[in-house]
Amino acid sequence: MGRLNGRPIVYMSSAMLETFNFRVIFEYLPLFWSCFLATLWLSAAGLLGSLLVGTLACGLRISRFKLLAWIAGVYIESIRSTPLLVQLFFFYFGLPSLGFRMSESATGILALTLNSGAYMAEIVRAGIQSISHGQVEAAVSSGLNYLQRMRHIILPQAIGVTLPPLLGQAIVLVKDSALLSLISLSELTRAGQIMTSERFMPAEGFLTSALFYLIIYYILKGLTHWSQKRLIYMQT
Amino acid sequence: MIEFRDVHKWFGELHVLKGINLKVDPAEVLVVCGPSGSGKSTLIRCINRLEPIQKGALIVDTMKVHESKTNMTRLRAEIGFVFQQFNLYPHMTALQNVTLAPMKVRKTAKKEAEDQGRYVLEKVGLGDKLHQYPAQLSGGQQQRVAIARGLCMRPKIMLFDEPTSALDPEMINEVLEVMRNLAREGMTMIVVTHEMGFAREVAHRVAFMDFGELMEIAPPREFFAHPKSERTKLFLSKILTH
Ligand SMILES: Nc1ncnc2c1ncn2[C@@H]1O[C@H](COP(=O)(O)OP(=O)(O)OP(=O)(O)O)[C@@H](O)[C@H]1O
Ligand SMILES: [Mg+2]
């Protein structure tokens, strides 16, 4: 069985290798490299923005001010219940028609920031709520003030608990950034498209894109593992 | 050292402390017992204003707890509080748990705080657990770290809210032993507990609380031999037969 099946597979893959054009990939590597960097910086900007927006939205959502909490709630809910593509098209086509004009990259970063921010808000909230109220009372009892409690008790733990899901969200964000190719930003997916349309080589083009995404994925996954190892004290 | 004068406390509509009058002397050990929901925790949580009171006067070592302008940080630094659930900081080692407040609130230098932390942890029998995280310690050990955390602030008063209720029976004694030693050294203590053996042996007075009132308060010999009110008798008969 193995021998019977083995032969055609070997045959097929060598046939693939013959038709798979590595030379063209090398030719396009500079393009992929610059697009890889573009994906990196668009994602990094989106990540940073979404952290800020997410933390702010979370802070408002759990605040005492009813109106602000409600606004944050509407923001989080409406983002989470609609497709990113629709949000992106709204910012790209909709906002200019209402008179707001931005560059493509600003539009892309804005979409990633606001989209991911809604998910970040929930992640941060879960992190803060994971800290038992008893610890905070213990800290109050020993005379630590609000800032000291934040600095030494709440934030170190909230960040620790939040880091793994946050990196998970970062991975999602990087993959979502592929949609920015639709508003003609030169990022990784766009590089695959360019190679496909210029040389009619979709397999080579998109596989190369995928490989670059894989690199980012493994870096983020490595960070996730590292951060989870540092959380071992939390496990009872 | 601690004085309640007609102290009232409400949670919304719920009247939880109904005119508490109580005086605790320096170096006195007071044990408070009573049924669940009678207000024991609330009583001692008012002392460091974990709960604010709505009426009456509460004075701790010349500080007026009922006045909002009283410096809470100073007050709380003088009072150690031990919780039923230990409430250690899980991301810090035993030594870090006990040195945080001395360094941040008392502004003790790190070296000095650590020397003291080591000394106190050794005193509660945890000299070999300095660098363990709470999750690596047994319940009894965690509670002893919690007591050490209170002691490292060199408090004048130690409050205990059912310190052994969350512990497995075989660990209760190691915690009570630490508290016995503290009492012997002359610490002012209020202990909410149902460990009547501890009350008999260590307490100077025992109080019975019911429906937000201190029904009865007397030295242990008298308290156990001749409880005055029917409710105290009933309560004692219930917990002593356990
Ligand atoms: N934060 C709070 N908000 C509202 N009600 C509260 C709060 N804390 C306590 N209570 C109520 O106040 C009453 C007294 O509670 P307290 O915790 O002081 O009782 P306790 O004697 O310590 O009981 P237990 O033995 O169960 O610990 C209870 O009826 C309780 O439900
Ligand atoms: Mg209680």
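Refer to the structure printed above.
Residues numbered from 1 in each chain as written. Chains lettered and ligands numbered in written order. Predicted model: local features only at pLDDT ≥ 70, side-chain atom pairs only at ≥ 80, totals over all residues. Heavy atoms only, no water.

Okay, the sheet that holds strand β4 (residues 55-60) of chain B next. Residue and element names in this part refer to chain B. One open sheet holds the four strands; their spatial order is β2-β1-β4-β5, and the pairing between them is antiparallel. Single-partner strands in this sheet number two, and they are β2 (14-24) and β5 (63-64). Judged from the five bridges that link them, strand β1 (residues 2-11) and β4 form a sheet pairing that is antiparallel. The partner of H8 across the bridge, within β4, is K55. The strands touched by helix α1 (residues 40-47) are β1, β2 and β4; relative to β1, the strand with the most contacts, the crossing angle is about 120°. (Pairing = 2+ DSSP bridges. Helix = DSSP H or I, 4+ residues; strand = E, 2+ residues; numbered from the N terminus. Contact = heavy atoms within 4.5 Å. Axes fitted to C-alpha atoms, helices over the stretch in contact; angles between N-to-C directions.)

The partner chain A presents 18 residues to the 23 residues of chain B that form the contact. Buried area between chain B and chain A, summed over both chains or domains, comes out near 1,800 Å², and the portion from carbon and sulfur atoms is 64%. Among the residues of chain B in contact with chain A, B:Y89, B:P90 and B:H91 are the three that bury the most area, contributing 29% of the side total. Our count for the chain B to chain A interface comes out at seven residue pairs in polar contact (both at pLDDT 80 or more). When residues of the side of chain B that touches chain A are traced back to their parent elements, those giving at least two are α2 (72-77), β6 (79-82) and α3 (94-104) of chain B. (Buried area = accessible area lost by both parts, 1.4 Å probe. Polar contact = N/O pair within 3.5 Å; in protein donor to acceptor, adjacent residues only side chain to side chain.)

Residues and elements named next belong to chain A. Together, F65, L67, L68, W70, I71 and V74 make up an exposed nonpolar region whose accessible area comes to about 630 Å². Along the polypeptide, L68 turns up in helix α3 (residues 66-80). With a relative accessible area of 34%, L68 lands in the partly exposed category. (Patch = residues over 30% accessible without salt bridge, like charges linked within 9 Å, V, L, I, M, F, W, Y side chains within 5 Å. Areas by Shrake-Rupley, 256 points an atom, 1.4 Å probe, with all protein chains shown as cover. Salt bridge = Lys/Arg side-chain N within 4 Å of Asp/Glu carboxyl O. Buried < 20%, exposed > 50% of the residue type's maximum accessible area, 1.4 Å probe, protein only.)

So, about the packing of aromatic side chains. One pass over the full model with this rule turns up ten aromatic pairs over all chains. Taking the centre distance of 4.8 Å and the plane angle of 75° together, the rings of A:Y92 and A:F93 count as edge-to-face. Geometry around A:F65 places A:R64 over its ring, the cationic atom sitting 5.5 Å from the centre. We note B:R149 situated over the ring of B:Y89; from NZ or CZ to the ring centre the distance is 4.7 Å. (Phe/Tyr/Trp six-rings, centres within 6.5 Å; stacked < 30°, edge-to-face > 60°. Lys NZ or Arg CZ within 6 Å of the ring centre and 35° of its normal.)

Residue and element names in this part refer to chain B. In the region of ligand 1, the neighbouring residues are F11, L14, V16, P35, S36, G37, S38, G39, K40, S41, T42 and E162. Between S41 and ligand 1, the recorded distance is 2.6 Å, taken from a side-chain N or O atom to an oxygen atom. Burial of ligand 1 by the protein chains amounts to 58% of its free accessible area of 630 Å². Sort the elements by how many residues they give to the shell around ligand 1 and α1 lands first, with three residues. Residues that form the shell around ligand 1 fall into these classes: four nonpolar, six polar and two charged. (Near = heavy atom within 4 Å. Nonpolar A, V, L, I, M, F, W, Y, C, P; charged D, E, K, R; others polar.)

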